[in-house]
Amino acid sequence: MTFMGTADNVATLAHELGHAFHQHVMTDLPVLAQNYAMNVAETASTFNELVVADAALANAASKEERIALLAAKVDNSVSFFMNIHARFIFETNFYAQRRRGPISADRLNELMLEAQKQAFCNALDVWHPHFWCSKLHFYITGVPFYNFPYTFGYLFSAGIYAMAKEGGADFEQKYINLLRDTGSMKVEDLALRHLGVDLTKKDFWRQAVNMAVADTREFLQLTK
Ligand SMILES: [Zn+2]
C-alpha cells in the first residue's frame, strides 16, 4: 500500500491487517472452508478500523485533533448509511423497472437522483444523477447488489466491536472462532453460535447504529 503516514493511511493499514488476520486464523482449515461470502469479507477489516479509530480518539492531543478524527468516523457512517443506501434503492428500483423493458439514460438519471434524495433525506445541496455511470459496482453483473454487503459488513463488525468492548477476556477467542467459521456457516448461524445473538432481531444492529449516533452527537457538540 501507499503509506505517507496520514490518518487515512493508518486506517487503511489497519483495514488491510484485518484481512490478513482473518486469513491467518483460517490458514490451517481445508481450502474449501476458507472461502467466505461477501457479507462477512469485511468483518475483520472494519473491526480493526474501529479499534484503531477509537484508540486514536482516546489519545487525541487536542480538541482539533479529536474533531478531525471524529469527522473521519462520521464520514464513514454517512457513506455506509446513506451513500450505499442510495445505491441499494437505485438497484432495487432499477431491477423492478428493467423487468418491463429497457431503461433510457434519462430515466437512469432520474432513478439515481430519486434514490439519493431518499437515502440522504433530501439533506444535500449538490446531487450526482450520473453516479450510475461512474460506479464500477453497478457493472459487476455476476454479483448483483454488490453495494449492500458494505453496509451489512460495517454494521456486523460494528455490532461485534460493541460486544467486544463489553466482553471479557474470553471475547478474543470467540471472535477468532467466529472468523474461522466464516467459510462454513451462514452469518445468522455464526452470530448465534459465537456471539449468542439473533441477527433477525433489531437489538444487535441497534448497538452498531448507536455507536455511529454517539460519534455524530459528540462531533456536533464539539463543533458548535
Ligand atoms: Zn477490505
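In this text, all values refer to a predicted model and were calculated from it rather than measured experimentally.

Draft legend 1. View of the pattern of salt bridges. Throughout the structure, instances matching the rule amount to nine salt bridges. With a closest N to O distance of 2.8 Å, aspartate 28 and arginine 180 form a salt bridge. Placement of the pair is aspartate 28 in the loop between helix 1 (7-26) and helix 2 (38-41) and arginine 180 in helix 8 (residues 171-180), with a sequence separation of 152 residues. Since its relative accessible area comes to 56%, aspartate 28 is described here as exposed. Arginine 180 sits in the partly exposed class, given a relative accessible area of 24%.

Draft legend 2. Inspection of the packing of helix 1 against helix 8 at higher detail. Contact geometry for helix 1 and helix 8: axes closest at 8 Å, N-to-C directions at 80 degrees. If you check the angle between helix 1 and helix 8, you find them roughly perpendicular. Within the contact between the two elements, helix 1 uses Phe21, His22, Val25 and Met26 and helix 8 uses Tyr175, Ile176, Leu179 and Arg180. Considering only residue class, the contact of helix 1 with helix 8 consists of six nonpolar, one polar and one charged.

Draft legend 3. Structural detail: the coordination of the zinc ion. Protein-derived coordination of the zinc ion comes from His15 (NE2), His19 (NE2) and Glu42 (OE), at a distance range of 2.1 to 2.2 Å. We note that the donor set of the zinc ion lies within a single chain, spaced as H-x3-H-x22-E. A residue pair is termed a helical-turn pair when its members lie 3 or 4 positions apart in one helix, as histidine 15 and histidine 19 do in helix 1 at four residues. Relative accessible area serves as the criterion here: at 21%, histidine 19 is assigned to the partly exposed category.

Draft legend 4. Summary view of the packing of helix 4 (residues 63-98) against helix 5 (residues 105-119). Following both chains from N to C, one finds helix 4 and helix 5 inclined at 140 degrees, their axes separated by 8 Å at the closest point. One finds that helix 4 runs oblique with respect to helix 5. Along this stretch, helix 4 crosses helix 5, giving a crossing that reads as right-handed. Residues Met82, His85, Ala86, Ile89, Phe90, Asn93, Phe94 and Gln97 of helix 4 form the contact with helix 5, whose own contacting residues are Arg107, Leu108, Leu111, Met112, Ala115, Gln116, Gln118 and Ala119. Across the contact of helix 4 with helix 5, the residue classes tally to 10 nonpolar, five polar and one charged.

Draft legend 5. Fine view of the nonpolar core. One finds Phe156, Ile160, Leu195, Leu199 and Phe204 to be the most contacted residues of the largest nonpolar core, which totals 35 residues. Only helix 1, helix 3 (43-58), helix 4, helix 7 (148-166), helix 8, helix 9 (187-195) and helix 10 (202-222) provide two or more residues apiece to this core. Sort the elements by how many residues they give to this core and helix 7 lands first, with nine residues. The contact partners of isoleucine 160, leaving out residues within four places of it in the chain, are Thr43, Phe47, Phe171, Tyr175, Leu178, Leu195 and Phe204. Counting residues in hydrophobic clusters, the runner-up holds 14 residues, among them Ile89, Ala115, Phe120 and Phe138.

Draft legend 6. Expanded view of unusual backbone geometry. Non-glycine residue cysteine 121 carries a positive phi angle of around 50 degrees. Of note, cysteine 121 is situated in the loop between helix 5 and helix 6 (131-134). Residues other than glycine seldom take positive phi values, yet phenylalanine 145 does so here, at roughly 60 degrees. Following the sequence through the fold, phenylalanine 145 ends up in the loop between helix 6 and helix 7.

Draft legend 7. A look at the layout of surface pockets. Volume-wise, the largest pocket comes out at about 870 Å³. Around the largest pocket, the lining is made up of 37 residues, and of these Ala11, Glu49, Ala72, Lys73 and Asn76 lie nearest the centre. For the lining of the largest pocket, the elements supplying multiple residues, two or more each, are helix 1, helix 3, helix 4, helix 7 and helix 10. The biggest single contributor to the lining of the largest pocket is helix 4, with 12 residues. A per-class count over the lining of the largest pocket returns 20 nonpolar, seven polar and 10 charged. Counted as a void, the second largest pocket has a volume near 260 Å³. Along its surface, the second largest pocket is lined by 15 residues, and Phe90, Phe94, Tyr95, Phe138 and Tyr139 are the ones closest to its centre. A total of four residues in the lining of the second largest pocket trace back to one element, the largest contributor, which is helix 4.

Procedures and definitions
Residues numbered from 1 in each chain as written. Predicted model: local features only at pLDDT ≥ 70, side-chain atom pairs only at ≥ 80, totals over all residues. Heavy atoms only, no water. Salt bridge = Lys/Arg side-chain N within 4 Å of Asp/Glu carboxyl O. Helix = DSSP H or I, 4+ residues; strand = E, 2+ residues; numbered from the N terminus. Buried < 20%, exposed > 50% of the residue type's maximum accessible area, 1.4 Å probe, protein only. Axes fitted to C-alpha atoms, helices over the stretch in contact; angles between N-to-C directions. Parallel < 35°, antiparallel > 145°, perpendicular 65-115°, else oblique. Contact = heavy atoms within 4.5 Å. Nonpolar A, V, L, I, M, F, W, Y, C, P; charged D, E, K, R; others polar. Donors = N, O, S within 2.8 Å, 3.2 Å for Na, K, Ca; no water. Left-handed = near helix turned anticlockwise from the far one by under 90°. Core = buried A, V, L, I, M, F, W, Y, C linked by side-chain atoms within 4.5 Å. 1 Å grid on protein atoms, 1.4 Å probe; cavity = no way out; pocket = protein on both sides within 12 Å on 5 of 7 lines; lining within 4 Å. Points joined across faces, edges and corners; volume = space filled by probe spheres on them.

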